[in-house]
Amino acid sequence: MDEKNERKKSKEPKPHLVIPDDEVIDVNYTPTSRPPKTNIDQTKHGISLKEGFKSIAERHREKISPFSEEIVVFKVELQEEECADARGNYEKIFENNQLKINTMRRSHEAVVSTTFQNFKVLNEKLDNYASGKNKYDFFNLVSSFKRIEKQDKQINFSEISTSDKEIDVQITLLPHLSENQNSRMITYINELLKSMDGKMLSEFYLSDKTPVIRALIPSSGLNQAIDEEIIMQIEPTPFLSPTNRKGNKRKPVGGIQVEFESNPEELPLVCVLDDGIRFPDNLSDCLAGMWQASDIDKKTSCNHGTKVASRVVLGDDIDAQYNAKLFTPKVRVIDARICDGYNPVYEGDFIRRIREAVLAIKEQTRIFCLSFNSNDPIDSFKVSNLAFELDVLSKRHGVQFILSMGNHDLWTIYDSLAEIIDDDDSRLASPGESFFGITVGSVSRENHQYSMSGKYQLSPFSRVGYGVAGCKKPNIVYPGGNVYKRDDKKFIAANSAAYVISKNGEMIQEYGTSFSAPLAARDIAILNSSLPHEDLLIAKALLLHHCENELETLNQQEREIYQRMHGVGIANKDLSQYSYANISTYIRRGQLKRLTKQRVKFYMPTVMADQSKRGKQVCKVKVTCLSVPKVDKQKGEQYLRGYVDTSFKKINSNGTLTIDNPPQKIGRGKWKHVHHFSSILTTFNSGEYEIWLTLYTKPEITDDEEVDYALIVSIENLTETDLDIHESITQETHNRFRYLQEVEVDNLDVSEME
């Protein structure tokens, strides 16, 4: 083969390689824990704890309610380095003393409830501990017992005037009680509201059965409501609505030719959850169906939804397709109308409508694009109701939500991205903190002389991470427009605008993360449709794994800043979909139990190891592992109830299997459900390399429960020598790793290998 064909060969797509069960070794193990070191004066500490107990009892006697004889509610604070629901702590402190953890915010704090009788028993144990009669060493882990104060209820009424006669509020009641207790709590709160001339507007339950009430309450009655023992949180009622702007430089698209590569009905589908879609006639075949929430009783605006849907169908280069007078759709959309586009939607109604939409549409598509955000940054320690419900739907029904980070207007105040990301108001908005959603930020696709954002840099308006408890957000970035200010006027940069199709059938310029999210939905749909069994977890892992970024060139501080802005970078759909001669990708889909480690094997070919040379960057091994554990909104920072830990083992130049993980657990954080890291190899041998997987879980997860994971490992040639890594793996392993899917190359079918 001549040199030209050799170069071409390196660009030919090849199928990814599947790691079969035969290449996985299960290893039984028994987790161990280290007893905490304490140096505490038991008597002094006991007396201090008793002061808190006395205060709780006094408060409980003061506040009489129908539940006073049933439960006592108070706060337990552990030493700051401890975690309330960690294995060991949970059993010793809470379970053995019949204390139910109802909710947590910080890891070392828990709001608990118990019967009045159990409260007295615990008080007796504390008396014995303080007097030295009995050690009861679990008290050593407790910093204090406290009654719940107003500030513990996370009130955010800074913008509410005391002159307001009525306040629209959302009330969250004590979680994790029985159905009977929930019903009685709602009845009690309804009567309480009536007594202060308030009104209960609606009620709904979160997926964990926590009652949530929307009410009108007089400002004079706010403090009275806050004092109620069974009320955990009162906040201004949250609403969501799409961002709508008037378009500029309108260009009709009705005369543009539309060409499908195949039968439109065979294209992958994305459901757009929005205010409706109204395509021009020439794009009508791109609409696969329509669903509308039952309580929306009027015609919807189709303003925002049409724009979002056009980006799903046509991608980011709508302007180039317009100039070529040819639209080439790659995806079709289902129109799911969850708002009318005119009025803000209450969060409780929004949740109910999304639940209904998923149940109605999941058999047609499991990919849902939601380009809605609240106006305020997220809570640092607790996932919002909406984000939690999206995570529950994702895990329960196997669906994937594509979410926007949200926009801000700080670019109109500051002159640089550095100033913007230092402002807390630039942080992402709900529901972007959803752990299982793919949350998308925006970058500019070109430079512009007047914009603070250069090519592939964060757009000036795009919100930044991290999410709750340091969860890496955004996950990924796509072009969503660029803006600038000049002479006190605000402009959209034409060369990097987010071009969209409006409901009036015109191409217009837009900007916002609402228009970067649909590009991720489009890529996920295309990628997923190419996978056997359309495995969304694998599709998501592949998309994140093969993003292009600058992480390996950055120090730790720079890396943190980059990830807050760009996540793991800009998607590369081609690398996600196929392997090539110079980069080969392994895929493993599996389940893991707590007491079984897995050693997952993959092969480093001789042709790559032969390039091994000290001081020379020869090969990059990149690892991505996504796990899908249970979640619990009421556990605050400890929202994730498990995670899969990953560790990379290579064969060094001495032929020994050794650990080669990044320092300081970079990309492999504890209690992070996404592990994403790489290792640059210089001197190494060929052979069977391994990824070791270990599942860590919270106490309520039994040892027999399995957690799903998707593991992606890629080997990339960093030398200037043309090597066919993929072919070498296949030959040297005698096809132990089967091909993932068929790939058509120059009309030649490379069939899936059994």
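Caption draft 1: Region of interest: the overall build of the protein chain. For the protein chain, the helix and strand inventory stands at 17 helices and 37 strands. Projected onto its principal axes, the C-alpha positions of the protein chain cover 90 × 65 × 50 Å. The burial tally for the protein chain puts 57% of its 754 residues in the buried class. Across the protein chain, the fraction of contacts at a sequence separation of at least 24, relative to all contacts at a separation of at least 6, is 80%. When the accessible area of the protein chain is evaluated, it comes to approximately 32,200 Å², of which 43% is carbon and sulfur surface. Each charge sign in the protein chain was given a centre, from 97 positive and 110 negative side chains, and these centres are 3 Å apart.

Caption draft 2: Looking closely at unusual backbone geometry. The step from Gly465 to Tyr466 runs through a cis peptide bond, and the omega angle for that step is 5 degrees. By secondary structure assignment, the location of Tyr466 is in the loop between strand S21 (438-443) and strand S22 (476-479). For the bond running from Lys473 to Pro474, omega is 0 degrees, close enough to zero to count as cis. Positionally, Pro474 belongs in the loop between S21 and S22. You will see that Asp487, though not glycine, has its phi angle at about 55 degrees, which is positive. Within the element layout of this structure, Asp487 appears in the loop between strand S23 (483-486) and strand S24 (489-492). With a phi angle near 65 degrees, His533 is a residue other than glycine that sits in the positive phi range. Since its relative accessible area comes to 80%, His533 is described here as exposed.

Caption draft 3: Summary view of the sheet that holds strand S29 (residues 619-628). An order of S32-S29-S34-S27-S1-S35 is seen for the 6 strands of this open sheet, with the pairing classed as mixed. Each having just a single partner strand, strand S32 (674-681) and strand S35 (738-739) make up the two edges of the open sheet. Bridge analysis of strand S27 (residues 583-592) against strand S34 (residues 707-717) gives 10 bridges, and the strand direction is antiparallel. The residue of S34 that forms the bridge with Ile587 is Ile712. Sitting on the sheet, helix H17 (residues 725-732) is in contact with strand S1 (17-18), S27, S34 and S35, with an inclination near 55 degrees to S27.

Caption draft 4: Representation of the confidence of the model for the protein chain. Within the protein chain, residue pLDDT values average 92, and 95% of them lie at 70 or more. Counting interchain partners and residues more than four positions distant, the pLDDT-below-50 stretch residues 1-9 has 4 contacts. Considering only residues more than four positions removed or in separate chains, one finds that residues 742-754, a stretch of pLDDT under 50, has 25 contacts.

Caption draft 5: Quick peek at helix H14 (residues 556-566). All of the buried residues in H14 are Arg559, Tyr562, Gln563, Met565 and His566. What you see down the axis of H14 is that its buried residues fit within an arc of 165 degrees, all on one side. Those residues of H14 that are buried lie in contact with helix H11 (417-421), S21, S22 and S32. Sitting at the head of H14, Asn555 places a side-chain oxygen 3.1 Å from the backbone nitrogen of Gln557. Gly567 occupies a position one or two residues after H14 and carries a positive phi of about 65 degrees.

Caption draft 6: A look at the pattern of salt bridges. Within this structure, the stated rule accounts for 43 salt bridges. Close ionic contact of Arg59 with Glu149 constitutes a salt bridge, the shortest N to O distance being 3.9 Å. One end of the pair, Arg59, is in helix H2 (residues 42-62); the other, Glu149, is in the loop between strand S6 (142-146) and strand S7 (166-173), and 90 residues separate them in sequence. Take Arg59: its relative accessible area is 18%, and that puts it in the buried class. The exposure class assigned to Glu149 is partly exposed, which follows from its relative accessible area of 28%. Among the ionic pairs, Asp319 bridges to Arg445, the shortest N-O distance being 2.5 Å.

Caption draft 7: Spatial organisation of the pairing of S7. The buried fraction of S7 is high, at 6 of 8 residues. In this structure, S7 lies alongside strand S9 (residues 211-218), joined through 7 bridges in antiparallel fashion. For Glu166, the partnering residue across the bridge sits in S9 and is Pro218. With 5 bridges connecting them, S7 and strand S10 (residues 231-236) associate as antiparallel partners. For Thr172, the partnering residue across the bridge sits in S10 and is Gln233.

Caption draft 8: Up close: the nonpolar core. One finds Phe327, Ile354 and Phe401 to be the most contacted residues of the largest nonpolar core, which totals 113 residues. When residues no more than four places from it in sequence are discounted, the contact partners of Phe401 are Leu273, Ile354, Val358, Phe368, Leu390, Leu393, Ser394, Gly437 and Ile438. If you look at the next biggest cluster of nonpolar residues, it comprises 36 residues, including Cys625, Leu695, Val707 and Leu723.

Caption draft 9: Quick look at the pairing of strand S26 (residues 506-510). Among the 5 residues in S26, 5 count as buried, and that is most of the element. Across the two faces of S26 the burial is the same, with Glu506, Ile508 and Glu510 and Met507 and Gln509 all buried. Of the strand pairs in this sheet, strand S12 (residues 251-252) and S26 are connected by 2 bridges, and their pairing is antiparallel. Across the sheet, residue Pro252 finds its bridge partner in S26, namely Glu506. Direction of pairing for strand S25 (residues 498-501) relative to S26: antiparallel, over a ladder of 4 bridges. The partner of Ile501 across the bridge, within S26, is Met507. Between the end of S25 and the start of S26, which pair antiparallel, lie 4 residues, with Gly505 showing a positive phi angle near 75 degrees.

Rules and cut-offs
- Residues numbered from 1 in each chain as written.
- Predicted model: local features only at pLDDT ≥ 70, side-chain atom pairs only at ≥ 80, totals over all residues.
- Heavy atoms only, no water.
- Helix = DSSP H or I, 4+ residues; strand = E, 2+ residues; numbered from the N terminus.
- Buried < 20%, exposed > 50% of the residue type's maximum accessible area, 1.4 Å probe, protein only.
- Contact = heavy atoms within 4.5 Å.
- Areas by Shrake-Rupley, 256 points an atom, 1.4 Å probe, with all protein chains shown as cover.
- Lys, Arg positive; Asp, Glu negative; His and termini not counted.
- Charge placed at Lys NZ, Arg CZ, Asp CG, Glu CD.
- Pairing = 2+ DSSP bridges.
- Axes fitted to C-alpha atoms, helices over the stretch in contact; angles between N-to-C directions.
- pLDDT = per-residue confidence, 0-100.
- Arc of directions from axis to C-beta.
- Polar contact = N/O pair within 3.5 Å; in protein donor to acceptor, adjacent residues only side chain to side chain.
- Salt bridge = Lys/Arg side-chain N within 4 Å of Asp/Glu carboxyl O.
- Core = buried A, V, L, I, M, F, W, Y, C linked by side-chain atoms within 4.5 Å.

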